[in-house]
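# Observations on chain architecture
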Amino acid sequence: MQRYLLSQQFNGSVLAENFTTCPQNATICDGTSCVLAEDNFNETLSVVLSAVLTIMLALVMFSMGCNVEIKNFLGHIKRPWGIFVGFLCQFGIMPLTAFLLSLAFNIHPIQAVVVLIMGCCPGGTASNVIAYWVDGDMDLSISMTTCSTLLAMGMMPLCLFIYTKMWTDSDAIVLPYDSIGISLVALIIPVSLGIFVNHKWPSKAKIILKVGSIVGAVLIVLIAVVGGILYKGSWIISPKLWIIGTIFPAAGYSLGFFLARVAGLSWHRCRTVSLETGMQNTQLCSTVVQLSFSPEQLELMFTFPLIYSIFQLLFALLILGGYRLYRRHRVKTKTDVEKTEQKEDSKSNAKINGGFISNETK
């Protein structure tokens, strides 16, 4: 059963007067915090919202598929240099960064393991929506998300075996292959339908894409809000995890962009690889954590996936805002340059032809 933490700070007098004992259904109580089994309301809310969000996500991925050209998509599969660079970022940079951050902050072994699980997860589907808004390569974005989810079945256990040796036995970590498989099917089917619609009815596909991109942006924010509601009592954890949760996604975006640029990819593909690297499948990480650890261990690190998802979204929105400002400035500058060039051309033509130069062009 899914659990969440209800943490409350007590002073001595309040504890003596009102909180002499933990609730009867508490599984852990150390005097300052309790771990409670999820109540019926939250369980029902979780099921309903999960169903709604899954349907919405499928529709969003269908709309994202409407922006994919079959020829370009197959081109990435046949010449997978961009996918290979993304693979190095996803299963090379991210696990290594998680390992180094865990060492640098000298966190509790169980906390180090959850940071590593996050680093070993495949890319999240939210990256496809943000990639669309920053004029990324949608064909590359979707192919990278699909391939990373597929390869995660082998790469996640391999990376966890390599990096978690010093903290725990990798056999203790339960990987939900069924959840990975469902994520893969939920990604491939709607995207394939979107590609088909774009091939058959390109004009309709453009309309679907515009609607879906807006719904996708709303969905990303909605998921963050829902996570905050479902796990509203889970926020009192180690400050070090807050710091790591801030640094980790920023490092993923930056290192992904840098490696893609070093590999010679174009700017719009660098933006795509950057987003695919930094945006992880945090829901998968939460599932792995809940299946693998006891309530006592969950108390130390259960909220980290949610913290990471918040900051990965925050930095993605900053990237989006920065790109939009840059694009607006560049278009404005380009227009001014074109006007200047037109004036210079009119002057030079007038001199060559001996024509009259008006005061407006002087």
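Residues numbered from 1 in each chain as written. Predicted model: local features only at pLDDT ≥ 70, side-chain atom pairs only at ≥ 80, totals over all residues. Heavy atoms only, no water.

### Quick notes on the environment of Gly 119
One can find Gly 119 in helix H5 (residues 109–120). Through-space distance from the C-alpha of Gly 119 to that of Thr 277 is 9.7 Å; in sequence the pair is 158 residues apart. Sequence-distant contacts of Gly 119, defined by excluding residues within four places in its chain, comprise Gln 90, Met 94, Pro 95, Ala 98, Phe 248 and Gln 280. (Helix = DSSP H or I, 4+ residues; strand = E, 2+ residues; numbered from the N terminus. Contact = heavy atoms within 4.5 Å.)

### Some thoughts on the packing of helix H4 (residues 81–105) against helix H10 (residues 239–262)
Between H4 and H10, the shortest axis-to-axis distance is 9 Å and the interhelical angle comes to 145 degrees. You can see that H4 and H10 cross each other, and the crossing is right-handed. Contacts from Val 85, Leu 88, Cys 89, Ile 93, Met 94, Thr 97, Ala 98, Leu 101 and Phe 105 in H4 reach Lys 240, Ile 243, Ile 244, Ile 247, Phe 248, Ala 251, Gly 252, Leu 255, Gly 256, Leu 259 and Ala 260 in H10. Taken together, the residues of the contact of H4 with H10 break down into 16 nonpolar, three polar and one charged. (Axes fitted to C-alpha atoms, helices over the stretch in contact; angles between N-to-C directions. Left-handed = near helix turned anticlockwise from the far one by under 90°. Nonpolar A, V, L, I, M, F, W, Y, C, P; charged D, E, K, R; others polar.)

### Digging into the environment of Arg 261
For Arg 261, the location among the structural elements is in helix H10. Residue Arg 261 is classed as partly exposed on the basis of its relative accessible area of 35%. (Buried < 20%, exposed > 50% of the residue type's maximum accessible area, 1.4 Å probe, protein only.)

### Brief notes about the nonpolar core
With 36 residues, the main nonpolar core has Val 115, Ile 117, Met 156, Phe 248 and Phe 304 as its most contacted residues. Looking at this core, the elements with two or more residues in it are H4, H5, helix H7 (138–163), H10, helix H12 (282–292) and helix H14 (304–353). Discounting residues that sit within four places of it in the chain, Met 156 has contacts with Cys 120, Cys 121, Pro 122, Leu 175, Ile 180, Leu 284 and Val 288. One finds Ile 142, Leu 187, Val 191 and Leu 209 within the second-largest nonpolar core, a separate group that totals 23 residues. (Core = buried A, V, L, I, M, F, W, Y, C linked by side-chain atoms within 4.5 Å.)

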